[in-house]
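The residues making up each chain are set out below.
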Amino acid sequence: MHRISANLYRFDGKPSGRARRTPYSYLLIRKGGNLLICSQHSLVTDHLDEIEELGGIHTQLLTSYLDAKQGDYHERLYKRFGCKLCYHEAERKMTRTKTKCPEITFADEGLQLGSDFEAHHFPNRCQNGHSLFRWRYRGKYHLFTSEVVSQLNGEWDLEFNPELWPDKRSQFARLDKLHVDILLPGVSAEGEQ
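Residues numbered from 1 in each chain as written. Predicted model: local features only at pLDDT ≥ 70, side-chain atom pairs only at ≥ 80, totals over all residues. Heavy atoms only, no water.

Draft legend 1. Quick peek at the sheet that holds strand S14 (residues 182–184). Taken together, the 5 strands give an open sheet; going across it, the order is S8-S9-S10-S11-S14, and neighbouring strands pair in mixed fashion. Only two strands of the sheet have a single neighbouring strand rather than two, namely strand S8 (111–113) and S14. Pairs of neighbouring strands in the sheet enclose a mean axial angle of 20°, with direction left out of account. Here strand S10 (residues 130–137) pairs with strand S11 (residues 140–144) via 5 bridges, running antiparallel. Note that in S11 the partner of Arg134 across the bridge is Leu143. (Pairing = 2+ DSSP bridges. Helix = DSSP H or I, 4+ residues; strand = E, 2+ residues; numbered from the N terminus. Axes fitted to C-alpha atoms, helices over the stretch in contact; angles between N-to-C directions.)

See below:
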């Protein structure tokens, strides 16, 4: 568990795949309830007591059904903190094959949690797309990009194929207008931060 700023923590997973990419989960400490942005391969269960001291978890957020963990992981977090699992409705069918944790879903319009946090669905290269999360903290906008925006070999990579999503171009245009000060990817190549 790494403290990035006063109200932001990162949990690193183990590098995996051919590119040896390191996955990240993030814990956002906020007055409206703490949020956990989940990554499939980074476990926060080793830090439950520390998370409890920080105020627990109000909501677990998935960027994609791929980040849902098989088994009782999400249910354990729900049992400990009462935090439902939140994701885009397109992810529901595949997510429910992995976990039966109580859920909250949102549609293409996105989701607003308080005045400081929002979820957006992004039509990337995946069949169901990915969710991106934007958080305003101390006047700065943090964008949690999942695998949609990441660095690969020192270059920024954007996962978007407009041919797969002709009906979602307006979502892409809306996201393009979001103000962002800090990018926080869900993964990085080994050795890159």
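Draft legend 2. Layout of the nonpolar core. Counting residues in hydrophobic clusters, the biggest one holds 19 residues, and the most contacted among them are Leu27, Leu36, Val44, Ile51, Ile57, Leu77 and Phe81. Those elements that provide at least two residues to this core are strand S2 (8–12), strand S4 (35–38), helix H1 (48–53), helix H2 (73–81) and strand S6 (84–88). Per element, the largest residue contribution to this core is 3 residues, and it comes from H2. Sequence-distant contacts of Ile51, defined by excluding residues within four places in its chain, comprise Phe11, Leu27, Val44, Gly56, Ile57 and Phe81. One finds Ala119, Phe133, Tyr137 and Leu184 within the second-largest nonpolar core, a separate group that totals 17 residues. (Core = buried A, V, L, I, M, F, W, Y, C linked by side-chain atoms within 4.5 Å. Buried < 20%, exposed > 50% of the residue type's maximum accessible area, 1.4 Å probe, protein only. Contact = heavy atoms within 4.5 Å.)

Draft legend 3. Quick look at the pattern of salt bridges. Counting across every chain of the model gives 7 salt bridges. For the salt bridge of Arg30 with Asp116, the shortest nitrogen-to-oxygen distance reads 2.7 Å. Of this pair, Arg30 sits in the loop between strand S3 (21–28) and S4 while Asp116 is found in the loop between S8 and strand S9 (117–122), placing the two residues 86 residues apart along the sequence. Take Asp116: its relative accessible area is 16%, and that puts it in the buried class. Across the pair Asp49 and Arg80 runs a salt bridge whose closest N-O atoms are separated by 2.8 Å. Separated by 31 residues along the polypeptide, Asp49 in helix H1 and Arg80 in helix H2 bring together distant segments of the chain. By relative accessible area, Asp49 is classed as exposed at 54%. Through salt bridges with shared partners, a single ionic network connects Asp49, Glu52 and Arg80. (Salt bridge = Lys/Arg side-chain N within 4 Å of Asp/Glu carboxyl O.)

Draft legend 4. Examining H2 more closely. Among all positions in H2, only Tyr73, His74, Leu77 and Phe81 are buried. Down the axis of H2, the buried side of the element spans an arc of 100°, and every buried residue falls inside it. Buried residues in H2 make contact with S4, H1, strand S5 (59–62) and S6. (Arc of directions from axis to C-beta.)

Draft legend 5. Highlighting the pairing of S2. With 4 of its 5 residues buried, S2 lies for the most part within the structure. Inspection of the sheet shows strand S1 (residues 2–5) paired to S2 by 3 bridges, in the antiparallel sense. Following the sheet pairing, His2 is matched in S2 by Arg10.

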